[in-house]
Amino acid sequence: MSAVSDRLPTFPWDKLEPYKKTATAHPGGIVDLSVGTPVDPVPDLIQKALIDAADSPGYPTVWGTPALRDALTGWVERRLGARGVTHRHVLPIVGSKELVAWLPTQLGLGPGDRVAYPRLAYPTYEVGARLARADHEVYDDPTRLDPEGLKLLWLNSPSNPTGRVLSKRELTAAVAWAREHGVLIFSDECYLELGWEADPVSVLHPDVNGGSYDGIVAVHSLSKRSNLAGYRAAFLAGDPAVLAPLLEIRKHGGMMTSAPTQAAVVAALSDDTHVQEQRDRYKARRTLLREALTAHGFRIEHSEASLYLWATRDESCWATVAHLADLGILVAPGDFYGEAGDRFVRVALTATDERVRAAVNRLS
């Protein structure tokens, strides 16, 4: 076991513990804006679907029920503008993090293979490469990468942590380049429903992929849009030639979404009202926090989408973390997401309205 764990970096969130203690000691209590975990209730219609499916004594299928696959294909076409999506184009997964962490291994990558991801990125892209013993590297422009030995290219739009949205032109160029060089694209689009100053586009849109899903797969999650982080509900959509072997591997590995969760996902994807209501909550919190941070001397960069504000006071990210912890506010240091983030902090919008107001009062 140590041989596997030794491949991994230090778990970054452990470094925040001293600052969390400082913030917790604030007389008004901690305002935790460090982790993007939903705090609002699971919508009633989703809870009801879960409860109605609670009597599920048999094993669920890895591929999901026909009703789930219908819901996935319908949503991909309705929301993302994809065309000609069949059951072969979708695959449920047990939350998106497990997919990111184990994808290189499931693709059969290993020493000598390369995995690339954005310079500022979700740390689990690197973890996945390390678990597979593959090489990993960062990029600013994916089309400038050396394609030799590059087996997996991660795109992430909207970005975690920066909130940057890739334009249709940038996505189209990345897809064309990857196809030219035989590089597989996985596009992490888990924050696509949360565009504020931009309208995120999926790689599944025909304007991006030319009407073909060859060599591209999109990753989507219900954790943020529907407050289902606790349900572990996500899915893949894209190239059937990629998804079919992943389905076989996941069958053998027993990587199946629970039957009640599958029913809950069907309900969640059939309703857009609760998504808009949750967007409105996040939009209001974003406005308050952005104004308070700016007035406090922060500069906000990107942040045109997603659940975060990418903020800087032009100092070490850890100095900023310490400063805010003294105010009882906990945020994530930017270097968790790469060396290029060492002067930024990531401020999550995932706190209750009461806690957001407390943060605003302290910043003022």
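Explain the overall build of the protein chain to me, please; I cannot follow it from the model alone.
A count of helical and extended segments in the protein chain gives 13 helices and 13 strands. Overall size of the protein chain, expressed as C-alpha extent along the three principal axes, is 55 × 50 × 45 Å. Across the 364 residues of the protein chain, 54% fall into the buried class. When contacts within the protein chain are restricted to residue pairs at least 6 apart in sequence, long-range pairs at least 24 apart make up 75% of them. Put simply, the protein chain shows about 15300 Å² of open surface, and 53% of that area lies on carbon and sulfur atoms. Seen as two clouds, the 39 positive and the 45 negative side-chain charges of the protein chain have centres 2 Å apart.

What am I meant to see in the pattern of salt bridges here?
Close approach of charged atoms lets side chains of opposite charge pair. Across all of its chains, the model carries 20 salt bridges by this definition. In this structure, Glu 137 and Arg 114 form a salt bridge, with 2.6 Å as the shortest nitrogen-oxygen distance. Linking Glu 137 in strand E4 (residues 135-139) with Arg 114 in strand E3 (residues 114-118), this pair joins segments that are 23 residues apart in sequence. Its relative accessible area of 26% is what places Glu 137 among the partly exposed residues. Note on Arg 114: relative accessible area 11%, which makes it buried. A salt bridge links Glu 354 to Arg 355; its shortest N-O distance comes to 2.8 Å. A network of salt bridges, in which partner residues are shared, links Asp 40, Arg 285 and Asp 353.

Teacher, can you tell me more about the packing of aromatic side chains here?
Two measures describe an aromatic ring pair: the distance that separates the ring centres and the angle between the ring planes. Considering all chains together, one arrives at 11 aromatic pairs under this definition. For the pair Tyr 19 and Trp 318, a centre-to-centre distance of 5.3 Å together with 40° between the ring planes defines the contact as tilted. In this pair, Tyr 19 sits in helix H2 (residues 17-24) while Trp 318 sits in helix H12 (residues 317-326), placing the two residues 299 residues apart along the sequence. Ring pairs connect the aromatic residues Trp 13, Tyr 19, Trp 318, Phe 336 and Tyr 337, which therefore count as one cluster. Taking the ring centre of Trp 63 as reference, the NZ or CZ of Arg 69 above it sits at 3.9 Å. The residue whose ring lies beneath Arg 313 is Phe 298, and the NZ or CZ to ring-centre distance is 5.8 Å.

Looking at this structure, I do not really get the nonpolar core. What am I missing?
Most often, soluble globular proteins have nonpolar side chains that are buried together. In terms of nonpolar packing, the biggest core is built from 66 residues, with Trp 154, Phe 186 and Leu 236 touching the most fellow members. Among residues more than four places away in sequence, those in contact with Leu 236 are His 89, Val 90, Leu 91, Ile 93, Leu 99, Phe 186, Val 217, Ala 218, Val 219, Leu 243 and Leu 246. Leu 150, Val 183, Leu 222 and Leu 269 belong to the second-largest nonpolar core, a separate cluster that totals 43 residues.

Would you take a moment to explain the sheet that holds strand E12 (residues 332-333) for this structure?
Either a parallel or an antiparallel arrangement is found when strands of a sheet pair, and the pairing is made through backbone hydrogen bonds. With antiparallel pairing, four strands are arranged side by side in an open sheet as E9-E10-E13-E12. Edge positions in the sheet fall to strand E9 (299-301) and E12, since each of these pairs with one other strand and no more. Alignment of strand E10 (residues 308-312) against strand E13 (residues 345-348), held across four bridges, turns out to be antiparallel. Following the sheet pairing, Tyr 308 is matched in E13 by Ala 348.

Quick notes on the rules
Residues numbered from 1 in each chain as written. Predicted model: local features only at pLDDT ≥ 70, side-chain atom pairs only at ≥ 80, totals over all residues. Heavy atoms only, no water. Helix = DSSP H or I, 4+ residues; strand = E, 2+ residues; numbered from the N terminus. Buried < 20%, exposed > 50% of the residue type's maximum accessible area, 1.4 Å probe, protein only. Contact = heavy atoms within 4.5 Å. Areas by Shrake-Rupley, 256 points an atom, 1.4 Å probe, with all protein chains shown as cover. Lys, Arg positive; Asp, Glu negative; His and termini not counted. Charge placed at Lys NZ, Arg CZ, Asp CG, Glu CD. Salt bridge = Lys/Arg side-chain N within 4 Å of Asp/Glu carboxyl O. Phe/Tyr/Trp six-rings, centres within 6.5 Å; stacked < 30°, edge-to-face > 60°. Lys NZ or Arg CZ within 6 Å of the ring centre and 35° of its normal. Core = buried A, V, L, I, M, F, W, Y, C linked by side-chain atoms within 4.5 Å. Pairing = 2+ DSSP bridges.

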